[in-house]
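Analysis of the macromolecular model
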Amino acid sequence: SFPSTYNSNISALKVGETATITFTLSEPSTDFAEGDITFSGGSLDNFTAVSSTVYTAVFTPTTNSTVNGEISVSSDKFLDAAGNANTSGSITLAV
């Protein structure tokens, strides 16, 4: 398996704010897709492949929510060129 890291440009959101989530893979992947990501407490939009190892998306909390935003990727969702599967990772954003 190969590790991946997931980061946000902001750790706490207020209603009306958004966070850019960056998914950084240690190895290039050609099959990492938006459908590999699970989330709750809001919406995840604008999934973009910046490169074969860096992807971004924008998280928007649900209007008037006080529930934290959760973004995660389970293990074995996508592969690197050698056929190794990703490890799991997650982010929690305070709302």
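Now for a description of the structure that goes with this document. (Residues numbered from 1 in each chain as written. Predicted model: local features only at pLDDT ≥ 70, side-chain atom pairs only at ≥ 80, totals over all residues. Heavy atoms only, no water.)

1. Quick look at the overall build of the protein
Within the protein one finds 0 helices and 7 strands. Of the regular secondary structure in the protein, the N- to C-terminal order runs β-β-β-β-β-β-β. Expected size for 95 residues packed as a compact globule is a radius of gyration near 12 Å; at 13 Å, the protein falls within 12% of this value. For the protein, the residues scored as buried account for 31% of the 95 residues in total. Considering only contacts within the protein whose residues lie at least 6 apart along the sequence, 57% involve residues at least 24 apart. Within the structure as shown, the protein displays about 4900 Å² of accessible surface, and the carbon and sulfur contribution to it stands at 49%. (Helix = DSSP H or I, 4+ residues; strand = E, 2+ residues; numbered from the N terminus. Rg over C-alpha atoms; globule rule 2.2 N^0.38 Å. Buried < 20%, exposed > 50% of the residue type's maximum accessible area, 1.4 Å probe, protein only. Contact = heavy atoms within 4.5 Å. Areas by Shrake-Rupley, 256 points an atom, 1.4 Å probe, with all protein chains shown as cover.)

2. So, the packing of aromatic side chains
Evaluated as defined, the whole model comprises 6 aromatic pairs. Centroid distance Y6 to F23: 5.3 Å. Interplanar angle 65 degrees. Geometry classified as edge-to-face. Taken as a pair, Y6 in strand β1 (residues 4–8) and F23 in strand β2 (residues 19–25) lie far apart in primary sequence, 17 residues in all. Under the relative-accessibility criterion, Y6 is labelled buried at 9%. A ring pair is formed by F32 and F47, whose centres lie 5.6 Å apart and whose planes are at 80 degrees; its orientation type is edge-to-face. (Phe/Tyr/Trp six-rings, centres within 6.5 Å; stacked < 30°, edge-to-face > 60°.)

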